[in-house]
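Reading the structure
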Amino acid sequence: MTFLRWLIWGVAIASFGYYTMATYAAWRFFRQKRESAGEFAPAVSMLKPVRGLDPDTYENFASFCRQDYPNFEILFGVSDKVDPVIPVIQKIQQDFPEVPIRLLIGSEAVGTSSKVNKLCRLAREASYDLLVISDSDMRTRPDYLRAVVAPFRDPRVGVVTCPYLPIEARGLGSRLEAIGEAADFVAGVISSWFLEGVKFAMGSTMATTRQRLAEIGGFEALADCFVEDFELGFRIAKNGYRVEILPYPVGMAIPVQGIREYFVHQVRWMIATRHSRPLGYLGMVITHGLPWAVAAAVLAPSLDVATAFVATYLILRLTMAWMVGIRGLKDPLTRKDWWLLPIRDFFAFWIWLVALFSNRIEWRGREFYVRKGRLISIPAESTDH
């Protein structure tokens, strides 16, 4: 019993150390001054693989058309001509005639990932060497391209990426996801930046050059990957180029979710983490301060010690959330829903455990197994068993 007590106390204290380190890392990260592009403004092809409708799809797409940038194009890729997103893209084309916008329908089935199949075609048909890719549910500001392009003045930069900023969370599950995104996921990314440098990209922004992409085999080499954004950054970093993460958050529209949808979505993300960064996934055990603080309190020899563990968790956890979500990202959702953090942390620990024993995911209406970081499609008739 003594050994178990000290083990749990040790993990609880380690989680407190993580919160402290992440708070300091966020303070350092958001103090950085964004590099100015100056006169550096190479032409940019923005690539948007899309499927179906996200919350506020029109406004998300329109934000990328309102760029204060001299020369850029936007390529949208969809799988088939009956996709409900097509009329929205056509409306965007009509409303922004000054922006070169192309809609490409259909793509060769290079691999299992429909998204990457579309990216293969979009990259081939892009007019320019600098490629900026972002997920369909992103929303940004007019200075976005100038911010993302600036680091490429340094030839050692191979990829530029940005943190997420959740917007418009409706429904309890959406609110839990939003506060977890700002106060947990982004905190983890910034901690990686602080400890070892970022060696991956995120779907909010994956900017690279055609040459760097070709050196890793193009998107074709990622066509079966579950987390193509991570792999893009990882493989380019492995070739000796730097991955630059900017203190420039990109908005992410979160769909309306109940608790069940939230749980399923988060398990999928956590399985992705386990397969892309297995050691990082195991290391996440110390980022779950709530269960360790509660367990340490239960095993404490006195009420004062028990109270100290729980109070320390609350103070350090809320301080980290404040530094990342409120001071750094300037996220109004974190400011409004900070009190949901312990509830979110309760779910997060169980999600982490479930993902440890599961390799089956549902993604965009299809089911897959994930094996060694690759997607393996489950035939429709097999999903009933």
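In the block above lies the structure referred to throughout.
The following refers to the structure shown. The structure presented is a predicted model; accordingly, all values stated were derived computationally and were not measured.

This paragraph deals with the overall build of the chain. If you tally the helices and strands in the chain, you get 14 helices and 13 strands. Computed over its C-alpha atoms, the radius of gyration of the chain comes to 21 Å, within 12% of the 21 Å expected for a compact globule of 385 residues. Once the C-alpha set of the chain is aligned to its principal axes, its extents read approximately 70 × 55 × 40 Å. Counting every position in the chain, which comprises 385 residues, the buried fraction comes to 55%. For the chain, the accessible area works out to roughly 17,000 Å², and carbon and sulfur atoms hold 60% of it. Measuring between centres, the 44 positive side-chain charges of the chain sit 4 Å from its 39 negative side-chain charges.

Below, the discussion takes up the sheet that holds strand S5 (residues 138-139). To summarise the sheet geometry, strands pair through backbone hydrogen bonds and adopt either a parallel or an antiparallel arrangement. Sheet architecture is open: 3 strands sit in the order S5-S10-S7, paired in mixed fashion. Among the strands making up the open sheet, the edge pair consists of S5 and strand S7 (164-167). When S7 meets strand S10 (residues 250-253), the two strands line up parallel, connected through 4 bridges. Residue pairing in the sheet places Ile 167 in a bridge with Ala 253 of S10.

Let's shift gears to the packing of aromatic side chains. This model, assessed by the stated rule, comprises 22 aromatic pairs. Where Tyr 18 meets Tyr 19, the ring centres are 5.9 Å apart and the plane angle is 55 degrees; that geometry is what we call tilted. When its relative accessible area of 10% is taken as the criterion, Tyr 18 is described as buried. Overall, Tyr 19 belongs to the buried group, its relative accessible area being 1%.

With respect to the helices and strands, Arg 344 occurs in helix H14 (residues 341-356). Among residues more than four places away in sequence, those in contact with Arg 344 are Leu 176, Ile 179, Gly 180, Asp 184, Tyr 262 and Arg 317. A polar side-chain atom of Arg 344 sits 3.3 Å from a polar atom in the side chain of Asp 345.

Within helix H11 (residues 289-298) the residues assigned to the buried category are Gly 289, Leu 290, Trp 292, Ala 293, Ala 296 and Ala 297. In this structure, the buried side of H11 is in contact with helix H1 (2-30), helix H12 (303-328) and H14.

In terms of burial, helix H8 (residues 228-238) is largely enclosed, as 8 of its 11 residues are buried. For H8, the set of buried residues is Glu 228, Asp 229, Phe 230, Glu 231, Leu 232, Gly 233, Ile 236 and Ala 237. Backbone geometry just after H8 places Gly 240 at a positive phi near 100 degrees.

What follows concerns the packing of helix H6 (residues 172-195) against H12. Two elements in contact, H6 and H12, have axes whose closest approach is 8 Å; the angle formed by their N-to-C orientations is 80 degrees. Put simply, H6 runs roughly perpendicular to H12. Within the contact between the two elements, H6 uses Ala 182, Ala 183, Asp 184, Val 186 and Ala 187 and H12 uses Arg 317, Met 320, Ala 321, Val 324 and Gly 325. Of the residues that constitute the contact of H6 with H12, the class distribution is 7 nonpolar, 1 polar and 2 charged.

The rules behind each value
Residues numbered from 1 in each chain as written. Predicted model: local features only at pLDDT ≥ 70, side-chain atom pairs only at ≥ 80, totals over all residues. Heavy atoms only, no water. Helix = DSSP H or I, 4+ residues; strand = E, 2+ residues; numbered from the N terminus. Rg over C-alpha atoms; globule rule 2.2 N^0.38 Å. Buried < 20%, exposed > 50% of the residue type's maximum accessible area, 1.4 Å probe, protein only. Areas by Shrake-Rupley, 256 points an atom, 1.4 Å probe, with all protein chains shown as cover. Lys, Arg positive; Asp, Glu negative; His and termini not counted. Charge placed at Lys NZ, Arg CZ, Asp CG, Glu CD. Pairing = 2+ DSSP bridges. Phe/Tyr/Trp six-rings, centres within 6.5 Å; stacked < 30°, edge-to-face > 60°. Contact = heavy atoms within 4.5 Å. Polar contact = N/O pair within 3.5 Å; in protein donor to acceptor, adjacent residues only side chain to side chain. Axes fitted to C-alpha atoms, helices over the stretch in contact; angles between N-to-C directions. Parallel < 35°, antiparallel > 145°, perpendicular 65-115°, else oblique. Nonpolar A, V, L, I, M, F, W, Y, C, P; charged D, E, K, R; others polar.

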